[in-house]
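# What the coordinates show
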Amino acid sequence: MKRACLLFLTLLAGPAAAQSLEPTASAGLKMTDIQTIGTHNSYKVAIPPQELAMIRSRSEESAKSLDYSHLPLAQQLDLGMRQLEIDVLYDPEGARYAAPVLPKMSGQPYNATGMDAPGYKVLHIPDVDVRSHCATLIRCLEIVRNWSDAHPRHVPILIMMNAKDGGPNVPGGVKALDYDAKAFDALDAEIRSVFGPDRLIAPDEVRGGHKSLREGALAGGWPSLEAARGKVFFALDENPKKVDIYMRGHASLEGLPVFVNSVGEDAAHAAYFTMNDPVKQFDRIRAAVKAGFIVRTRADDSTTEARTNHLSRFEKALASGAQYISTDYPTPRSEWSPYSVRLPDGQAARKRP
């Protein structure tokens, strides 16, 4: 472990780590030139011990993997997090997720404020892992927008979304609704209700005058860092089937506000990729970044690295050049280990390797 710590410090001590990119940076940088840290399931509040014990009685591994939480979104942004992940669930009539099973069984308090109204909800696993710092997508986005208003020089914030469906997860639980064009029309409308075109980096901007979004990205179509300051961009992190439903026939996401997890480097809509394993996917990440795509990867997964204080996965993520690196531990879980994932000296962003 001493070797890993020394290597970690060496990676962060080079010239690329010397200057923070907020609030200023050298002229000529593109938003694809940055590297920054973000959080996984950023909205998540800890499962109460009584409910975690109920999960553990059925699956020790599930309980271990779900045993994490985050600070409120604004506090994460204050720490320098510049990528957030928000799980959304379609709820056009309202109240579908307002009475989750596990809190009822455990007798633990559950705040259902906002859950009765129609609109997208934010939680991890219906009926099981349900507590969020912001129960609705619109409320989550309002928090980010308000923080952005107060910090207009921030580097662009990536907001990833998983569109949850399936289930039920426990007996007596609800089935999460499937997605169709109408559902994704509603998702786009909620995003645009909070972030107008002046604050949103959309696929059309990256495509520019090129025939496809891919061609625009490869030609350097992502905005300059200076032009991207104070803005956000969205990515739907989903499987190819759901990506196709979201695109609604727009092969290069024409007119749509959200990038998608590209199904391949040759796809017309290719601009953004989720590549979660920087060890196994190291070469592919480096190639994608070099080509002009934006990549998000993960420094840790399922609480494993935090329990063992292993930095090797984070080291590979840094070295890969991925622009956005996600973690569950911007601050340590001290009862386990000192493991945490941050850029040096409190930087929010640096020039990527």
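Values in this document were obtained by computation on a predicted structure and should not be read as measured data.

Next up on the list: the overall build of the protein chain. Within the protein chain, the secondary structure is distributed over 14 helices and 10 strands. For 353 residues, the compact-globule estimate of 2.2 N^0.38 gives 20 Å, and the C-alpha radius of gyration of the protein chain, at 20 Å, lies within 12% of that figure. A fraction of 73% describes how many contacts in the protein chain between residues 6 or more apart in sequence connect residues 24 or more apart.

Following Gly167, the chain continues to Pro168 via a peptide bond in cis, the omega torsion being 0°. Examined against the element boundaries, Pro168 turns out to sit in the loop between β4 (157–163) and α7 (181–194). In the Ramachandran plot, Leu253 falls in the positive-phi region, its phi being about 60° despite a non-glycine side chain. Here Leu253 is to be found in the loop between α11 (240–247) and β6 (258–260). For Leu253, a relative accessible area of 0% corresponds to the buried category.

Attention shifts here to the pattern of salt bridges. In total, this model carries 25 salt bridges according to the counting rule given. For Arg229, the salt bridge goes to Glu226, with nearest N and O atoms at 3.4 Å. Salt-bridge contacts for Arg284 lead to Glu265; the nearest nitrogen and oxygen are separated by 2.7 Å. You can see Arg284 sitting in helix α12 (residues 282–291) and its partner Glu265 sitting in the loop between β6 and β7 (272–274), a full 19 residues away along the chain. Using a relative accessible area of 35% as the deciding quantity, one classes Arg284 as partly exposed.

The subject of this paragraph is the state of the cysteines. All told, the structure shown has one disulfide when counted by the stated rule. The disulfide partner of Cys134 is Cys140, and the gap between their sulfur atoms is 2.0 Å. Negative torsions about the S-S bond denote left-handed disulfides, and the value of about 95° found for Cys134 with Cys140 makes this one right-handed. The exposure class assigned to Cys134 is buried, which follows from its relative accessible area of 2%.

With respect to the helices and strands, Pro92 occurs in the loop between β2 (83–89) and α5 (101–106). Separated by 28 residues in the primary sequence, Pro92 and Tyr120 have C-alpha atoms spaced 7.3 Å apart.

This part is about the packing of α7 against α11. For the pair α7 and α11, interaxial distance at closest approach is 8 Å and the crossing angle is 70°. Relative to α11, the element α7 lies roughly perpendicular. Taken together, the residues of α11 that come into contact with α7 (itself represented by Ala181, Phe184 and Asp188) are Lys242, Ile245 and Tyr246. For the contact of α7 with α11, a count of residues per class yields four nonpolar, no polar and two charged.

Conventions and cut-offs
- Residues numbered from 1 in each chain as written.
- Predicted model: local features only at pLDDT ≥ 70, side-chain atom pairs only at ≥ 80, totals over all residues.
- Heavy atoms only, no water.
- Helix = DSSP H or I, 4+ residues; strand = E, 2+ residues; numbered from the N terminus.
- Rg over C-alpha atoms; globule rule 2.2 N^0.38 Å.
- Contact = heavy atoms within 4.5 Å.
- Buried < 20%, exposed > 50% of the residue type's maximum accessible area, 1.4 Å probe, protein only.
- Salt bridge = Lys/Arg side-chain N within 4 Å of Asp/Glu carboxyl O.
- Disulfide = S-S within 2.5 Å.
- Axes fitted to C-alpha atoms, helices over the stretch in contact; angles between N-to-C directions.
- Parallel < 35°, antiparallel > 145°, perpendicular 65-115°, else oblique.
- Nonpolar A, V, L, I, M, F, W, Y, C, P; charged D, E, K, R; others polar.

From the geometry alone we can't say anything about function, so treat these as descriptive.
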